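# Observations on the three-dimensional arrangement
Below are the chains, spelled out letter by letter.
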Amino acid sequence: MDFVSIRVITGDITRLVDFYERATGVRAAWSTEDFAELRTATATLAIGSTRTVPLFAPGAAHPADNRSVILEFRVDDVDGVHQNLTAHVEDFVQEPTTMPWGNRSLLLRDPDGNLVNFFTPVTPAAIERLAG
């Protein structure tokens, strides 16, 4: 089995796709006006509008309702990401901080309130653990 993607359901797909394109530097591939994907070498962030939910099961997903999942992106320079997003993020939960496990992390909320962690491994142990 391969874990390949995570999907976020939103009431404003254009706003959320724009945010993630800016935050990651990855251009979205739009399949329809209700579904876009940001593909990286290791995973895909899929973003679907609320109009896609009934295709699976009506009422199964609710936008801007997540309080348990953190989307995580490994980046080369977490402090640079912070600087790039300062004018575009309303809620920085935690400024860049070096965590006990060796990652320098930036925790923020996207426009729908989902937690997003950008991190850079900075200690030798973290760099080794996340290599490859």
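Here goes a summary of the coordinates provided. Residue numbering note: each chain is counted from 1, following its sequence as written. Under the rules for a predicted model, residues below a pLDDT of 70 receive no local features and side-chain atom pairs below 80 are neither given nor counted, while totals for whole chains, interfaces and linings still include all residues. Note that water and hydrogens are dropped before the side-chain values are worked out from all heavy atoms of the structure.

### A look at the nonpolar core
The test is simple: Take the buried Ala, Val, Leu, Ile, Met, Phe, Trp, Tyr and Cys residues and link them wherever side-chain atoms come within 4.5 Å; each set so joined is a nonpolar core. Working definition: with a 1.4 Å probe on protein chains only, accessible area under 20% of the residue-type maximum means buried, over 50% means exposed, and in between means partly exposed. Helix and strand labels come from DSSP, where a helix needs a run of H or I of at least four residues and a strand needs a run of E of at least two; each type is numbered from the N terminus. A contact between two residues is defined here by any heavy atoms of the two lying within 4.5 Å.
Ranked by internal contacts, the top residues of the largest apolar core, which has 24 residues, are Y20, L45, I47, F73, L85, L108 and F118. Secondary structure elements with two or more residues in this core: α1 (13–24), β3 (35–39), β4 (44–49), β5 (70–74), α3 (78–85), β7 (103–109) and β8 (115–121). Sorting elements by how many residues they give to this core places α1 first, with 6 residues. For L85, the residues in contact, after removing those within four places along its chain, are R22, A23, F92, L108 and F118.

### Some words on α1
Rule in force here: Take the number of residues in a helix, subtract one, and multiply by 1.5 Å to get its expected span.
Here α1 is 12 residues long and its end C-alpha atoms lie 16 Å apart, about the 16 Å a rise of 1.5 Å per residue gives. Of all the residues in α1, the buried ones are I13, L16, V17, F19, Y20, E21 and A23. Just beyond α1, the residue with positive phi is G25, at close to 75°.

### Describing the pattern of salt bridges
Formally: Only one rule defines a salt bridge in this text: a Lys or Arg side-chain nitrogen within 4 Å of an Asp or Glu carboxyl oxygen.
Counted by the stated rule, this structure contains 7 salt bridges. In this structure, D91 and R109 form a salt bridge, with 3.6 Å as the shortest nitrogen-oxygen distance. You can see D91 sitting in strand β6 (residues 91–98) and its partner R109 sitting in strand β7, a full 18 residues away along the chain. A relative accessible area of 33% places D91 in the partly exposed class. If you follow the salt bridges from partner to partner, you end up with D12, R15 and D112 in one network.

### Comments concerning the packing of aromatic side chains
We count it as follows: Pairs were defined over the aromatic rings of Phe, Tyr and Trp, the Trp ring being its six-membered one, requiring ring centres within 6.5 Å. Orientation was assigned from the angle between planes: stacked under 30 degrees, edge-to-face over 60, tilted for the rest.
Per the stated rule, a full pass over the model turns up 3 aromatic pairs. Centre to centre, the rings of F19 and Y20 are 4.9 Å apart; their planes meet at 85°, and the pair counts as edge-to-face. Judged by relative accessible area, which is 7%, F19 ranks as buried. In this structure Y20 comes out as buried when scored by relative accessible area, which is 0%. Members of the aromatic cluster, each reached through a chain of ring pairs, are F19, Y20, F73 and F118.

### Here's the deal with the layout of surface pockets
Filter applied, for reference: Each cavity reported here is a set of points on a 1 Å grid over the protein atoms alone in which a 1.4 Å probe fits but cannot get out, each pocket an open set with protein on both sides within 12 Å along at least five of seven lines, and each lining residue one with an atom within 4 Å of a point. Grid points are joined across faces, edges and corners, and a volume is the space filled by probe spheres set on the points. Under the scheme applied here, ten amino acids are nonpolar (Ala, Val, Leu, Ile, Met, Phe, Trp, Tyr, Cys and Pro), four are charged (Asp, Glu, Lys and Arg), and all others, including Gly, are polar.
Quantified by volume, the largest pocket comes out at close to 730 Å³. Around the largest pocket, the lining comprises 25 residues; the ones closest to its centre are T40, T42, E72, F73 and R74. Broken down by secondary-structure element, the contributors of at least two residues to the lining of the largest pocket are α1, β4, β5 and β8. Sort the elements by how many residues they give to the lining of the largest pocket and β5 lands first, with 5 residues. Among the residues making up the lining of the largest pocket, the classes are represented as 17 nonpolar, 6 polar and 2 charged.

### Some words on the sheet that holds β5
Where strands meet in a sheet, backbone hydrogen bonds hold them as pairs that are either parallel or antiparallel. Selection rule: Two strands qualify as a pair provided that DSSP identifies no fewer than 2 bridges between them. Angles here are taken between N-to-C directions and fall from 0 to 180 degrees, while the axes themselves are lines fitted to C-alpha atoms, restricted in helices to the stretch in contact.
In space, the 4 strands of this open sheet follow the order β5-β8-β7-β6, with mixed pairing throughout. Two strands lie at the open edges of the sheet, namely β5 and β6, each paired on one side alone. Strand-to-strand twist across the sheet, computed as the mean angle between neighbouring axes with direction ignored, equals 15°. Packed on one face of the sheet, α3 meets β6, β7 and β8 and runs near 25° to β7.

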